[in-house]
Amino acid sequence: MHIIVCVKQVPDAKDVRLDPVTNTLAREGVDSIMNPYDRHALEEAVAIKEQQGGTVTVITMGPPQAEAVLREAIACGADDGVLISDRAFAGADTWATSYTLANAVKTLGAFDLILCGKQAIDGDTAQVGPGLAYRLQVPFATCIQKTRKVSSASIEVERMMDDGFDVLRLPLPALMTVVKDINEPRVASLKGKMKAKKAEIRKFSAADIGADPQCIGLAGSPTQVVRVFSPEARGDRKIFSGSVEEQVDQLVECLKAYL
Amino acid sequence: MLIIHSDKCTACGICETSCAFGAITIQNDCAVVNECCTLCGACVENCPTQALSIETAEKRKQVDIDNYSGIMVFAEYRHGDVAPVSYELLGIGRKLADKRGVKLSVVLPGGNVTSYASGLIAAGADTVLLVEHPMLEQFREDIYAAVLEQVIGEHKPEVVLAGATAIGRSVIPYVANAIDAGLTADCTRLEIREEDGMLLQTRPAFGGNIMATIECPHTRPQMATVRPKVMAPAVPDLSRTGEIFQVQVPERCLQSKIEVLDSVINHDDQVNIQEVETLVAGGRGLESEKGFTLIRALAHELGGAVAASRAAVDSGWIPYPHQVGQTGKTVSPKLYIACGISGAVQHAVGMQSAEIVVAINRDSEAPIFNIATYGVVGDLYEVVPQLIKRLQEIKK
Ligand SMILES: Cc1cc2nc3c(=O)[nH]c(=O)nc-3n(C[C@H](O)[C@H](O)[C@H](O)COP(=O)(O)OP(=O)(O)OC[C@H]3O[C@@H](n4cnc5c(N)ncnc54)[C@H](O)[C@@H]3O)c2cc1C
Ligand SMILES: Nc1ncnc2c1ncn2[C@@H]1O[C@H](COP(=O)(O)O)[C@@H](O)[C@H]1O
């Protein structure tokens, strides 16, 4: 079985904030990490491989330094990694990203299963997985919380819904995005780390994957960011002071209309 | 790519600080860009000497945007009911349609959905497009996508709105790719720009730390998903009139590769925190699971339900369905009482549209006080029992 996992390198979101004075992003000390959801996608792929046999290929589209997440994935059980990197990919929205990843997958050849994280924490869009499924014309399901059964022909899974979950069976090849409940990702073994160090990372440019220049990067993106700003604070506030009793009395007085 | 006109660059460094990605540095008295550049354009806008510009060799394929007109809402049906977010979408859809002077349509795929049509009209729709078929009783990505693609292709709306729900976030991005349209996820604000009628879509990014406004200049329809409870539904107007159509889709759209073996509803968490008027929320400040006994007592006193921060959920004190915030639920109750919650932006984005926010925190510097209507500075283990006592006294 050939499983492809899409991983993304993201800034550690909790460290990113807008400086309220200069209105620019404060980025000091922001680390780049593997998108947390993608760790779970990777773990699931490795677990399925251990059960079914086969290979796990991790792919990422990003700047040259995104190679780090591929090596990390190899340390955690992936067999090989592909870095899809080209200046021409810069500015890609989820449409252009789906297009680019799809072309890379087609360049790699046949696959049985593609796993993505539910969403990337830099944008929280959750759009790349379904978009990729369209480009590759394979059945898909999002927010998988459990793999029940896998065979070479199909996969049976639980998909999280807002009010519970559905149990689905998809024929392979298929694409799934996973939520964190699906598994507990393993930490890299020493052997894995050695392997990751030595691994040969394949590199694809826009030309290597036969990408249409009109469909990649900023030029290929139907959505465009026109403004970035800080969330607004609430206007009319009242912070009480005094003893606990005094403060509670004032609060109850203010809330009376709503009780 | 980003072009740096070295003749105009004064090495002032404004571009360096305005770049969110650390992609520009000043070297040898001139700006230099590296491969981290995402072409977001922030530096171009900020450069005082116009030394930067973005050039794309190729322009995206453009569609004739004048061929598209009207606002369309995708209404969601599951387990015998239309999702509340559908009515919220009609609320904002109505406003956008009036601003543009166009019609508001709603498409509702499902098993047996005719009875909902009048309610959708009362909520603001001019046209209801019912797609009824036994295959649509349960949600399957492939047939729902095929149906939406068909209906959008036929009606050519300029805007398509859907809920940012499990269903909407799954099928809508697939459709957007299929019809080559731009899609913005989880919008919290939608407006029409006066000058050109363009849809401006605002959403939180980076876990809610920043907001971004997005537009789709060259493609149609302009597609957006909206989180439940962010927009207000219109007050139903039963005197409104509208047209109802039964849409026939080709048989090939109704063939699925996905088998739904079971559909389970979780009953263990009966109360949906998005549906109640009063929420009492607990955070890490509770320090243990036992703290929720106190939170529950206060909620009980107020006839409300219990919510939590992610820190409390991650500690295992309360299950995930109670989590409020970026990765939990968005709530907009009348009254939200945050106890021992610091008010991190990721929590705030989920509750700041509450009518009244009360913060109880012993740290007077906690950010929750910036978004609170009323703040009590003190130990919640003293404040909450006292509050319960006073509320009981008033009742008597
Ligand atoms: C991508 C991303 C997504 C996230 N999504 C969410 C989300 O959906 N929801 C969410 O809530 N968080 C989310 N977070 C986490 C968020 O950043 C905060 O870490 C979290 O909200 C903190 O929870 P807290 O306020 O309960 O805990 P803390 O920040 O630890 O705050 C505890 C507060 O309790 C006060 N306190 C302590 N003891 C007492 C006492 N005895 N009496 C009174 N006050 C007391 C303290 O002064 C402090 O202010 C997300 C983070 C990231 C990076
Ligand atoms: N640049 C990328 N390279 C590889 N995979 C990606 C990339 N962007 C998104 N993905 C995958 O798509 C998922 C959803 O991302 P998003 O739609 O950006 O929230 C992620 O969890 C990844 O699995």
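The structure we're discussing is the one just above.
Bear in mind the structure is a predicted one, so any value in this text is a computation, not a measurement.

Caption draft 1: Summary view of the site of ligand 1. The immediate surroundings of ligand 1 are formed by 27 residues, with B:Arg284, B:Ser309, B:Thr327, B:Ser342 and B:Asn361 found nearest. More than one chain approaches ligand 1, the contributing ones being chains A and B. One nitrogen or oxygen atom from the main chain of B:Val324 is found 2.7 Å from a nitrogen atom belonging to ligand 1. One of the backbone nitrogen or oxygen atoms of B:Gly328 is found 3.2 Å away from an oxygen atom of ligand 1. Here ligand 1 loses 85% of its free accessible area of 990 Å² to cover by the protein chains.

Caption draft 2: How the structure looks around the site of ligand 2. Residue and element names in this part refer to chain A. Taken together, 18 residues lie around ligand 2, and Cys-6, Asp-38, Ala-120, Gln-127 and Val-128 are the ones closest in. Between ligand 2 and the protein, one listed contact pairs a nitrogen atom with a backbone N or O atom of Val-7 at 3.4 Å. For ligand 2, an oxygen atom lies 2.9 Å from a polar atom in the backbone of Ala-126. Its free accessible area being 480 Å², ligand 2 has 97% of it covered by the protein chains. Put simply, the parts of the chain that give the shell around ligand 2 at least two residues each are strand 6 (55–61), helix 3 (94–108) and strand 8 (113–117).

Caption draft 3: Quick peek at the packing of helix 4 (residues 128–136) of chain A against helix 6 (residues 168–178) of chain B. Taken N-terminus to C-terminus, the directions of helix 4 of chain A and helix 6 of chain B make an angle of 45 degrees; their axes are 7 Å apart at the nearest point. By the angle between their axes, helix 4 of chain A is oblique relative to helix 6 of chain B. When you trace helix 4 of chain A past helix 6 of chain B, the crossing you get is right-handed. Only B:Arg169, B:Ser170, B:Pro173, B:Tyr174, B:Asn177 and B:Ala178 of helix 6 of chain B make contact with helix 4 of chain A, whose side of the interface consists of A:Pro130, A:Gly131, A:Ala133, A:Tyr134 and A:Arg135. Residues that form the contact of helix 4 of chain A with helix 6 of chain B fall into these classes: six nonpolar, three polar and two charged.

Caption draft 4: Just the pairing of strand 8 of chain A, in detail. Residue and element names in this part refer to chain A. For strand 8, the tally of buried residues reaches five of five residues, placing the bulk of the element in the interior. Burial along strand 8 is two-sided: Leu-113, Leu-115 and Gly-117 and Ile-114 and Cys-116, pointing in opposite directions, are all buried. Looking at chain direction, strand 1 (residues 2–6) and strand 8 are connected through three bridges and run parallel. Its bridge partner lying in strand 8, Ile-3 is registered against Leu-113. When strand 8 meets strand 12 (residues 174–178), the two strands line up parallel, connected through five bridges. Across the sheet, the residue bridging to Leu-113 is Ala-174, located in strand 12.

Caption draft 5: Spatial organisation of the interface of chain B and chain A. Between chain B and chain A, the residue contacts involve 98 residues of the former and 90 residues of the latter. Summed over both sides, the interface between chain B and chain A buries roughly 8200 Å², with carbon and sulfur atoms accounting for 57% of that surface. In this structure, the connection of chain B to chain A is made through six salt bridges. One can count 25 residue pairs in polar contact (both at pLDDT 80 or more) joining chain B with chain A. Across the side of chain B that touches chain A, the residue classes break down as 47 nonpolar, 29 polar and 22 charged. Alignment of strand 14 (residues 224–229) of chain A against strand 14 (residues 210–215) of chain B, held across five bridges, turns out to be antiparallel. For A:Gln224, the partnering residue across the bridge sits in strand 14 of chain B and is B:Glu215.

The rules behind the values
Residues numbered from 1 in each chain as written. Chains lettered and ligands numbered in written order. Predicted model: local features only at pLDDT ≥ 70, side-chain atom pairs only at ≥ 80, totals over all residues. Heavy atoms only, no water. Near = heavy atom within 4 Å. Polar contact = N/O pair within 3.5 Å; in protein donor to acceptor, adjacent residues only side chain to side chain. Areas by Shrake-Rupley, 256 points an atom, 1.4 Å probe, with all protein chains shown as cover. Helix = DSSP H or I, 4+ residues; strand = E, 2+ residues; numbered from the N terminus. Axes fitted to C-alpha atoms, helices over the stretch in contact; angles between N-to-C directions. Parallel < 35°, antiparallel > 145°, perpendicular 65-115°, else oblique. Left-handed = near helix turned anticlockwise from the far one by under 90°. Contact = heavy atoms within 4.5 Å. Nonpolar A, V, L, I, M, F, W, Y, C, P; charged D, E, K, R; others polar. Buried < 20%, exposed > 50% of the residue type's maximum accessible area, 1.4 Å probe, protein only. Pairing = 2+ DSSP bridges. Buried area = accessible area lost by both parts, 1.4 Å probe. Salt bridge = Lys/Arg side-chain N within 4 Å of Asp/Glu carboxyl O.

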